Amino acid sequence: LRISEELVRHGTDYLGTADYAESIKLRNYLKRKRIRKVPILCFGNLSENKKYFGEIISKNIEVTISDLKIAKAINNFARSNNKEIIIHIHVDTGMNRVGFNEKGIYEAVRKLKELSNLKLKGIYSHYATSEIPDSPFAIRQLRIFKRIIREIEDNLVKMELKHMENTEIGRAHV
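So, how was this worked out
- Residues numbered from 1 in each chain as written.
- Predicted model: local features only at pLDDT ≥ 70, side-chain atom pairs only at ≥ 80, totals over all residues.
- Heavy atoms only, no water.
- Core = buried A, V, L, I, M, F, W, Y, C linked by side-chain atoms within 4.5 Å.
- Buried < 20%, exposed > 50% of the residue type's maximum accessible area, 1.4 Å probe, protein only.
- Helix = DSSP H or I, 4+ residues; strand = E, 2+ residues; numbered from the N terminus.
- Contact = heavy atoms within 4.5 Å.
- Phe/Tyr/Trp six-rings, centres within 6.5 Å; stacked < 30°, edge-to-face > 60°.
- Pairing = 2+ DSSP bridges.
- Right-handed = clockwise from strand over helix to strand, strands pointing away.
- Axes fitted to C-alpha atoms, helices over the stretch in contact; angles between N-to-C directions.
- Salt bridge = Lys/Arg side-chain N within 4 Å of Asp/Glu carboxyl O.

Engineer: Any chance you could break down the nonpolar core for me, citing the residues and the numbers?
Structural biologist: What tends to happen in soluble globular proteins is that the nonpolar side chains get buried as a cluster. In terms of nonpolar packing, the biggest core is built from 45 residues, with Val63, Ile74, Ile85, Ile89, Leu112 and Ile123 touching the most fellow members. For this core, the leading source of residues is helix H6 (residues 136-155), giving 6 residues. Contact partners of Val63, with chain neighbours within four places excluded, come to Tyr20, Leu41, Cys42, Leu46, Ile56, Ile74, Ile85, Ile86, Ile87 and His88.

Here it is as structure tokens:
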């Protein structure tokens, strides 16, 4: 928490967390410290039990969407509260764990656009080979990601934020 405080004090304009409990804790901490408000994106996944939905709205946490069922559930929750939730779409470009796959992403974005209480802000993916800088697989993932973005932006919607990262890749390029 203290590191996030210092990052914001020194000009960081976005923060990210691994799970929603952490996002909420971070938002509360920054508010208590009277630190300027910056967007917080949670890279974790939501569950259908609606845990955290209310706090996501009240704390303005930006949400990762990697599943249409969850997207519909959070859209319905937001609609019932007359609110809008900012979302970032997670694309699986080769990690094979979480996210919309290459074949299904275009249709997923089309359906997400129809959910009126979700605001599409960003799209991201995650490198699978973080420990190998300049790996051919990472280069392939980036090519796939760029192609997906181009197709989506040319045909469906412009994304404000496009990001692809991994902790180790980020360290290797510092």
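Engineer: Quick rundown of the packing of aromatic side chains? Include the residues and the values.
Structural biologist: With the rule as written, the count across this model stands at 3 aromatic pairs. Taken together, a centroid distance of 5.0 Å and an interplanar angle of 85° make the contact between Phe43 and Tyr124 edge-to-face. Of this pair, Phe43 sits in the loop between strand S2 (40-42) and helix H3 (53-58) while Tyr124 sits in strand S5 (residues 118-126), placing them 81 residues apart in sequence.

Engineer: Any details on the pairing of strand S4 (residues 85-90)? Residues and values, ideally.
Structural biologist: Counting buried positions along S4 gives 5 out of 6 residues, so the element sits mostly inside the fold. One ladder, built from 3 bridges, connects strand S3 (residues 61-65) with S4; its direction is parallel. In the sheet register, Thr64 faces S4, and the bridge partner there is His88. Viewed along the sheet, the connection from S3 through helix H4 (residues 68-80) into S4 turns out right-handed. As defined by bridge partners, S4 adjoins S5 across 6 bridges and the pair is classed as parallel. Bridged to Ile87 within S5 is Leu120.

Engineer: Explain the sheet that holds strand S6 (residues 161-165) to me, and be specific about the residues and the numbers.
Structural biologist: The 6 strands lie next to each other as S1-S2-S3-S4-S5-S6, forming an open sheet whose pairing is parallel. Where the open sheet ends on each side, the last strands, each with one partner, are strand S1 (15-17) and S6. Sheet twist, expressed as the mean angle between neighbouring strand axes with direction ignored, is 30°. Of the strand pairs in this sheet, S2 and S3 are connected by 3 bridges, and their pairing is parallel. Residue pairing for S3: Cys42 is matched across the bridge by Val63. Each of S1, S2 and S3 touches helix H2 (residues 20-32); the most contacted strand, S3, lies at about 165° to it.

Engineer: How would you sum up the pattern of salt bridges? Please name residues and give values.
Structural biologist: Pairing is possible between side chains that carry opposite charge, provided their charged atoms lie close to one another. Applying the stated criterion across every chain, the model contains 9 salt bridges. The partner of Arg2 in a salt bridge is Glu6, with the nearest N and O atoms 2.7 Å apart. Here Arg2 and its partner Glu6 are both found in helix H1 (residues 2-9), 4 residues apart, which amounts to about one turn of the helix. Glu6 sits in the partly exposed class, given a relative accessible area of 28%. Salt bridges sharing common partners tie together Arg2, Glu5, Glu6 and Arg9.

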